Amino acid sequence: MDQFEALIKEIYTSVREDSFAKLTLSKPSEVGAKIKKVIIRMIMIKEKRHFSFVSRYSTKDITKNFNVEDGTDKIIQMMQSDYEIANLFTNEQHIAAERLEDGSFKLKRMEQSTDVKNSRSHDKEKQSLLSRQDYLKALGILNKKGHIQKDKGDKYKQINKFVEIIDGILRKNKALDGIDPLRIVDMGSGKGYLTFALYDYLKNTKSKNISLKGIEMRLDLVELCTKIAKEAEFDQLSFEQGTIQEMALDKIDALIALHACDTATDDAIYKGIKANASLIICSPCCHKQVRRSMKTSGTIASITQFGILMERQAELVTDTIRALLLQKHGYKSNVFEFISTEHTGKNIMITAIKDDGVVDTTKIQKEIDDLKALFGVEEHYLETLLA
Ligand SMILES: C[S@@+](CC[C@H](N)C(=O)[O-])C[C@H]1O[C@@H](n2cnc3c(N)ncnc32)[C@H](O)[C@@H]1O
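Residues numbered from 1 in each chain as written. Predicted model: local features only at pLDDT ≥ 70, side-chain atom pairs only at ≥ 80, totals over all residues. Heavy atoms only, no water.

1. Observations concerning the overall build of the protein chain
Then step 1. Broken down by element type, the protein chain carries 13 helices and 14 strands.
Then step 2. Taken along the three principal axes of its C-alpha coordinates, the protein chain extends 85 × 40 × 40 Å.
Then step 3. Expressed as a percentage of the 387 residues in the protein chain, the buried residues total 49%.
Then step 4. Long-range contacts, defined here as pairs at least 24 residues apart, represent 63% of the contacts in the protein chain between residues at least 6 apart.
Then step 5. Put simply, the protein chain shows about 19300 Å² of open surface, and 49% of that area lies on carbon and sulfur atoms.
Then step 6. With 60 positive and 57 negative side-chain charges, the protein chain shows a separation of 2 Å between the mean positions of the two kinds. (Helix = DSSP H or I, 4+ residues; strand = E, 2+ residues; numbered from the N terminus. Buried < 20%, exposed > 50% of the residue type's maximum accessible area, 1.4 Å probe, protein only. Contact = heavy atoms within 4.5 Å. Areas by Shrake-Rupley, 256 points an atom, 1.4 Å probe, with all protein chains shown as cover. Lys, Arg positive; Asp, Glu negative; His and termini not counted. Charge placed at Lys NZ, Arg CZ, Asp CG, Glu CD.)

2. Regarding the site of the ligand
Then step 1. Contacts to the ligand come from 16 residues, most closely from Gly 188, Glu 216, Ile 244, Gln 245 and Leu 258.
Then step 2. Backbone polar atom of Gly 188 to a nitrogen atom of the ligand: 2.8 Å apart, as the coordinates give it.
Then step 3. A distance of 2.6 Å separates an oxygen atom of the ligand from a polar side-chain atom of Glu 216.
Then step 4. With the chains in place, 85% of the 600 Å² that the ligand exposes on its own is no longer accessible.
Then step 5. The class makeup of the residues in the shell around the ligand is six nonpolar, seven polar and three charged. (Near = heavy atom within 4 Å. Polar contact = N/O pair within 3.5 Å; in protein donor to acceptor, adjacent residues only side chain to side chain. Nonpolar A, V, L, I, M, F, W, Y, C, P; charged D, E, K, R; others polar.)

3. Concerning the packing of helix α5 (residues 153-172) against helix α6 (residues 193-205)
Then step 1. In contact at an axis separation of 10 Å, α5 and α6 are set at 45 degrees when each is read in the N-to-C sense. Comparing their axes, α6 and α5 come out oblique. Where α5 crosses over α6, the two elements pack in a sense that is right-handed. Of α6, the residues touching α5 (which contributes Lys 155, Gln 158, Ile 159, Phe 162, Val 163, Ile 166, Asp 167 and Leu 170) are Tyr 193, Leu 194, Ala 197, Leu 198, Tyr 201 and Leu 202.
Then step 2. Its residues assigned to classes, the contact of α5 with α6 shows eleven nonpolar, one polar and two charged. (Axes fitted to C-alpha atoms, helices over the stretch in contact; angles between N-to-C directions. Parallel < 35°, antiparallel > 145°, perpendicular 65-115°, else oblique. Left-handed = near helix turned anticlockwise from the far one by under 90°.)

Quick look at the structure:
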């Protein structure tokens, strides 16, 4: 067996035994080649192992995923003709290979370094549903090497958790099946962390035809996100300056509003209901409106005499009524903890999926009225909007 065959055999074995950590291909054969380096890792897509190829250009990274068979063919072809150096890292060893002028290979076997082992486990931990890293780097979440920036760990977790939630919703519900293109609006998109990730997941990981628009009132953020979307060649992702309240919505299939302040969440839910969106997802921020409107008495007043508990009660009442109003308007709603409080205080998520079932609106309205009476809530802004 020549050295090249020995190398291929090591790749096959590491894949079979699930000890493949990373393969890097460098030193392009062609002078002036645009792709300087290719980094290949193993990822899971739909519970199947795939090779994820990150092609490193001088200004950007492009990721493409292949099933194991196609990926292996591509690796062989690239090692034989496109790159002169290959470094295979498995859990047990590091093999450095060099293609010589006569086309033969020289291999050097070394013990695995801790560094790569660590990066593999780190990689496994974040075996995320995202396909690309370039926009995460542009947004300052990852550094140039693709590692999470020091103060961005929580945001990175939040992004991945959000995409996992969307993935779970799409798997369990047929609400968005077959819609082509899928039109999504992100209300109060801010710096676009979750907007970009959602686009990457739906477009690149799930291969869906989508059109995603972020609505944001701050022009600087709209300009920043537009620039990053252009650089990433996310053609169906756009950002528009405007307020949630004034935004005219045509047909939309899904609406998200993550951490939109106070009643901006209500405005977003209202727009989603009016646009007959099949899916509405929001993660409320502060809850000032209901708090100001609460005039408690009796036993409830014992609780709300304490500022922080008043705040918590207002939060519970606001979000419960939001979830009930969504039910009243034909949605199956759910409220859960989005991400642990250890990572963010804004951790409640409300999801609502359009449902064709019969709704007992009188019963739901009574629940709302009873809640309002118990907590002395004079007005819930979303209810006013929908009235
Ligand atoms: C806390 S940030 C959240 C950003 C992003 N959704 C996220 O979760 O990372 C809230 C964003 O919503 C924007 N925003 C708040 N109220 C808005 C409104 N009424 N119309 C449009 N944008 C709004 C703010 O400018 C801000 O960028």
